[in-house]
Amino acid sequence: MNLESITLVRHGMTEWASSGRHTSVTDVELTAEGRKDAQALRDPLMAMGPFDGVYSSPMLRALRTALLAGYAVPELSPGLREWGYGRYEGLTTAEIRGRIPTWNIFRCGAPGGESLDAVSARCDELLREWDEKGHRHVLCFAHGDILRALATRWLGLDLRFGEHLHLDPGSISRLG
């Protein structure tokens with residue numbers, strides 16, 4: 001495998017993330033705090049580079065984070081879209097657990113959304129694609145659960161391990 005490192009950046013804070021609402025297909029903008037946090041990513045990311053592949057989810061919150069962090073032309077990658085929450089879109093974990101007390105996206109998936117198998121396959125395809133392009137150091141801007149899933153698959157683990165990982169809005173994580 002050519003791929004030596006993947007730097008994961010979760011998009012900056014949004015109103016929905018601030019309130020704990022699960023956001024996949026709803027395209028929400030960064031808050032003022034989220035924009036400030038995205039700008040603060042510039043120097044740490046520049047110090048980690050160079051990257052031979054820079055990718056962003058096509059969702060506004062991820063793309064705006066990439067732009068504010070100084071990456072004017074990230075390649076848009078539909079594979080980096082957030083896990084599809086289906087009927088849980090816009091709900092908080094507490095609201096979902098009011099219906100299913102033991103619910104966790106990494107164990108249960110989301111009705112009307114994406115299954116664990118579908119997300120795992122999507123992450124595996126991203127990793128294969130980056131490796132086939134000969135990338136050694138990839139930077140990607142995306143969303144909390146898909147980045148946790150990607151990290152889990154990079155490690156070669158079952159997707160359920162992702163529930164043990166945590167990524168704050170506007171955070172940088174490096175796999176290598």
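Everything that follows concerns the structure shown earlier in this document.
Residues numbered from 1 in each chain as written. Predicted model: local features only at pLDDT ≥ 70, side-chain atom pairs only at ≥ 80, totals over all residues. Heavy atoms only, no water.

1. A few points about the environment of F141
For F141, the location among the structural elements is in strand β4 (residues 137–142). Owing to a relative accessible area of 0%, F141 belongs among the buried residues under this scheme. Along the primary structure F141 and T7 are separated by 134 residues, whereas in three dimensions their C-alpha atoms are 8.7 Å apart. Setting aside its immediate chain neighbours within four residues, F141 contacts V9, L45, V54, Y55, S56, S57, A62, T65, A66, A69, Y71 and L80. (Helix = DSSP H or I, 4+ residues; strand = E, 2+ residues; numbered from the N terminus. Buried < 20%, exposed > 50% of the residue type's maximum accessible area, 1.4 Å probe, protein only. Contact = heavy atoms within 4.5 Å.)

2. Overview of the sheet that holds β4
What the 5 strands build is an open sheet, ordered β3-β2-β4-β1-β5; its pairing is mixed. Looking at the sheet topology across the chains shown, the edges are occupied by β3 (75–76) and β5 (172–175). Note: strand β1 (residues 5–10) against β4, 6 bridges, orientation parallel. Looking across to β4, one finds that S5 is bridged to H137. Contacts from helix α4 (residues 60–68) reach β1, β2 (53–56), β3 and β4, with the element oriented near 130 degrees to β4. (Pairing = 2+ DSSP bridges. Axes fitted to C-alpha atoms, helices over the stretch in contact; angles between N-to-C directions.)

3. Some points on the side chain of S57
Checked against the element boundaries, S57 lands in the loop between β2 and α4. Within the structure, S57 has its side chain in polar contact with the side chain of H143 (distance 2.8 Å). Those residues in contact with S57 that lie beyond four places of it in its chain are A62, L63, L76, S77, L80, R81, F141, A142 and H143. (Polar contact = N/O pair within 3.5 Å; in protein donor to acceptor, adjacent residues only side chain to side chain.)

4. Let's talk about the environment of I172
Its location among the elements puts I172 in strand β5. Each C-alpha atom, one on I172 and one on T7, is 6.9 Å from the other, the two residues being 165 residues apart in sequence. Here I172 is in contact with T7, L8, V9, L41, P44, L45 and M48, once residues within four sequence places are set aside.

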